[in-house]
Amino acid sequence: MALVTCPDCGREVSSQAASCPQCGYPFSTLKEGTAAAAATPLPSPPGGFSRIVGDAERKAKLADHVSQILASGGGWRVESQRDFDALLIQGHRPNHTLHLLLSVFTLGLWLVVWLIVAVASGEHRYRAYVDDYGNARTEKLS
Ligand SMILES: [Zn+2]
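Residues numbered from 1 in each chain as written. Predicted model: local features only at pLDDT ≥ 70, side-chain atom pairs only at ≥ 80, totals over all residues. Heavy atoms only, no water.

Colleague: Explanation requested: the side chain of His-65 in the structure shown.
Modeller: Turning to its location among the elements, His-65 is positioned in helix H2 (residues 55-71). The class of His-65 is buried, set by a relative accessible area of 14%. Not counting the four nearest positions on each side in its chain, His-65 is found in contact with Ala-128, Ala-136, Arg-137 and Thr-138. (Helix = DSSP H or I, 4+ residues; strand = E, 2+ residues; numbered from the N terminus. Buried < 20%, exposed > 50% of the residue type's maximum accessible area, 1.4 Å probe, protein only. Contact = heavy atoms within 4.5 Å.)

Have a look at this one:
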């Protein structure tokens, strides 16, 4: 007589039993259900891949990914964050108020400097996201 382990309470019971004598877990339906589940392939989207991770895990991975980026230094900041992606900006925005004042004081001569600074110190936008398979990724937007 073979013994099987009850998936519900962990007790070893006879494989002939219809249900677990301790907790009443129904083995007969379990066997049928397991066989049916094994025989039915997971539904796949057109790409041929099945979704692996759940929403909660993706959220957690994204939060982890974003915090790692922020901790890496380099002037990162989060512009907006949603459930599964976040908009990140790297770089420093020029102090436009200061440049405006300098331009006024220099009667417009500072405009040239302002323009150069604005072009050279550009900010870069990135999208951090977690794909359906739980991989944290970062793609450059601009
Ligand atoms: Zn049991």
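Colleague: I keep staring at the packing of helix H3 (residues 96-105) against helix H4 (residues 110-120) and nothing clicks. Help me out?
Modeller: Geometrically, a packed helix pair is captured by the angle between its two axes and the distance between the axes. Across the interface, H3 lies against H4 with an axial gap of 8 Å and an inter-helix angle of 160°. The pairing of H3 with H4 is recorded here as roughly antiparallel in orientation. The handedness of the crossing between H3 and H4 is left-handed. Facing H3, whose interface residues are His-96, His-99, Leu-100, Leu-102 and Ser-103, H4 presents Trp-110, Leu-111, Trp-114, Val-117 and Ala-118. Considering only residue class, the contact of H3 with H4 consists of seven nonpolar, three polar and no charged. (Axes fitted to C-alpha atoms, helices over the stretch in contact; angles between N-to-C directions. Parallel < 35°, antiparallel > 145°, perpendicular 65-115°, else oblique. Left-handed = near helix turned anticlockwise from the far one by under 90°. Nonpolar A, V, L, I, M, F, W, Y, C, P; charged D, E, K, R; others polar.)

Colleague: Please explain the coordination of the zinc ion as it appears in this structure.
Modeller: In an ideal tetrahedron of four donors about a metal, each angle is 109.5 degrees. In an ideal octahedron of six donors, the angles are 90 or 180 degrees. Donor atoms from the polypeptide that bind the zinc ion are Cys-6 (SG), Cys-9 (SG), Cys-20 (SG) and Cys-23 (SG), placed at 2.2 to 2.3 Å. Around the zinc ion sit four donor atoms, and with donor-metal-donor angles ranging over 104 to 117° the site reads as tetrahedral. Mapped onto the sequence, the residues coordinating the zinc ion show the spacing C-x2-C-x10-C-x2-C. In this structure Cys-20 comes out as buried when scored by relative accessible area, which is 3%. (Donors = N, O, S within 2.8 Å, 3.2 Å for Na, K, Ca; no water. Tetrahedral: all angles 85-135°; square planar, octahedral: opposite > 155°, others 65-115°.)

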